[in-house]
Amino acid sequence: MNSTIPDFDREKLIQLALDNLKNSYAPYSNYNVSAAVLMGSGKTYTGVNVENASYPAGICAERNAIFHAVECGERKITAIAIVGGPNYQVKDYCAPCGICRQVMREFCNPQDMRVIVAKSTTDYKEFSLEELLPLSFGPVMLQ
């Protein structure tokens, strides 16, 4: 597989995630997370973590954003920006959990897809999904 790192406005994607952080619902952990996902079409979708008194019924911000994109007919992730921290304060990098990494894998080429964890629009780290989920299992395995 040839790897092609996509060209996109990283700061804009991070800002979308930062702007949406206020919508996170985390009354139990008080750890708020927001994600903005850029799809192959060029459209972006946002999501926040939503907790529930029955803990397993909640959802992470990354999956919330990705599932919204899929519901709108999107199928290819270009990049995702993730921000989060306690009580709506972004103090450190917020990496995606394992389940979210696996969901990302369903909709991308892991060499090309960019995962950005950010503290601000100028302070961020960027990885390929392949770096965060090596030797991954994806749709191509079932063909």
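Predicted model, so just to flag it, every value in this text is computed and none were measured.

(A) Expanded view of the layout of surface pockets. Reported here for the largest pocket is a volume of approximately 240 Å³. In terms of residues, the lining of the largest pocket owes the most to one element, helix H2 (residues 61-71), which gives three residues. Among the residues forming the lining of the largest pocket, the class breakdown is 13 nonpolar, four polar and three charged.

(B) Representation of a nonpolar patch on the surface. A surface patch of nonpolar side chains, amounting to about 430 Å² of accessible area, comprises Tyr-25, Tyr-28, Val-50 and Tyr-55. Mapped onto the fold, Val-50 is located in the loop between strand S2 (44-48) and H2. We classify Val-50 as partly exposed; its relative accessible area is 32%.

(C) Spotlight on the pairing of strand S1 (residues 31-39). Counting buried residues along S1, eight of its nine residues qualify, which places the element largely inside the surrounding structure. Of the strand pairs in this sheet, S1 and strand S3 (residues 77-86) are connected by nine bridges, and their pairing is antiparallel. Within the sheet, the bridge partner assigned to Ala-36 lies in S3 and is Ala-81. Count of turn residues in the S1/S2 antiparallel hairpin: four residues, of which Gly-42 carries a positive phi of about 95°.

(D) Structural detail: the pairing of S3. Counting buried positions over the ten residues of S3 gives nine, a clear majority of the element. Examined bridge by bridge, S3 and strand S4 (residues 114-118) share four bridges and lie parallel to one another. Bridge pairing in S4 links Ala-81 to Ile-116. In this fold, S3 hands off to helix H3 (residues 98-106), which returns the chain to S4; that crossover is right-handed.

(E) Representation of the pattern of salt bridges within the structure. Considering all chains together, one arrives at two salt bridges under this definition. With a shortest N-O distance of 2.6 Å, Glu-126 and Arg-10 are connected by a salt bridge. Here Arg-10 lies in helix H1 (residues 10-20) and Glu-126 lies in strand S5 (residues 124-128), a separation of 116 residues in the sequence. Note on Arg-10: relative accessible area 14%, which makes it buried. Note that Arg-114 is salt-bridged to Glu-126, the shortest N-O span being 3.0 Å. Pair noted here: Arg-114 is in strand S4 and Glu-126 is in strand S5, with a separation of twelve residues, a long-range link. We classify Glu-126 as partly exposed; its relative accessible area is 25%. Where salt bridges share partners, they join Arg-10, Arg-114 and Glu-126 into one cluster.

Cut-off values and rules
- Residues numbered from 1 in each chain as written.
- Predicted model: local features only at pLDDT ≥ 70, side-chain atom pairs only at ≥ 80, totals over all residues.
- Heavy atoms only, no water.
- 1 Å grid on protein atoms, 1.4 Å probe; cavity = no way out; pocket = protein on both sides within 12 Å on 5 of 7 lines; lining within 4 Å.
- Points joined across faces, edges and corners; volume = space filled by probe spheres on them.
- Helix = DSSP H or I, 4+ residues; strand = E, 2+ residues; numbered from the N terminus.
- Nonpolar A, V, L, I, M, F, W, Y, C, P; charged D, E, K, R; others polar.
- Patch = residues over 30% accessible without salt bridge, like charges linked within 9 Å, V, L, I, M, F, W, Y side chains within 5 Å.
- Areas by Shrake-Rupley, 256 points an atom, 1.4 Å probe, with all protein chains shown as cover.
- Salt bridge = Lys/Arg side-chain N within 4 Å of Asp/Glu carboxyl O.
- Buried < 20%, exposed > 50% of the residue type's maximum accessible area, 1.4 Å probe, protein only.
- Pairing = 2+ DSSP bridges.
- Right-handed = clockwise from strand over helix to strand, strands pointing away.

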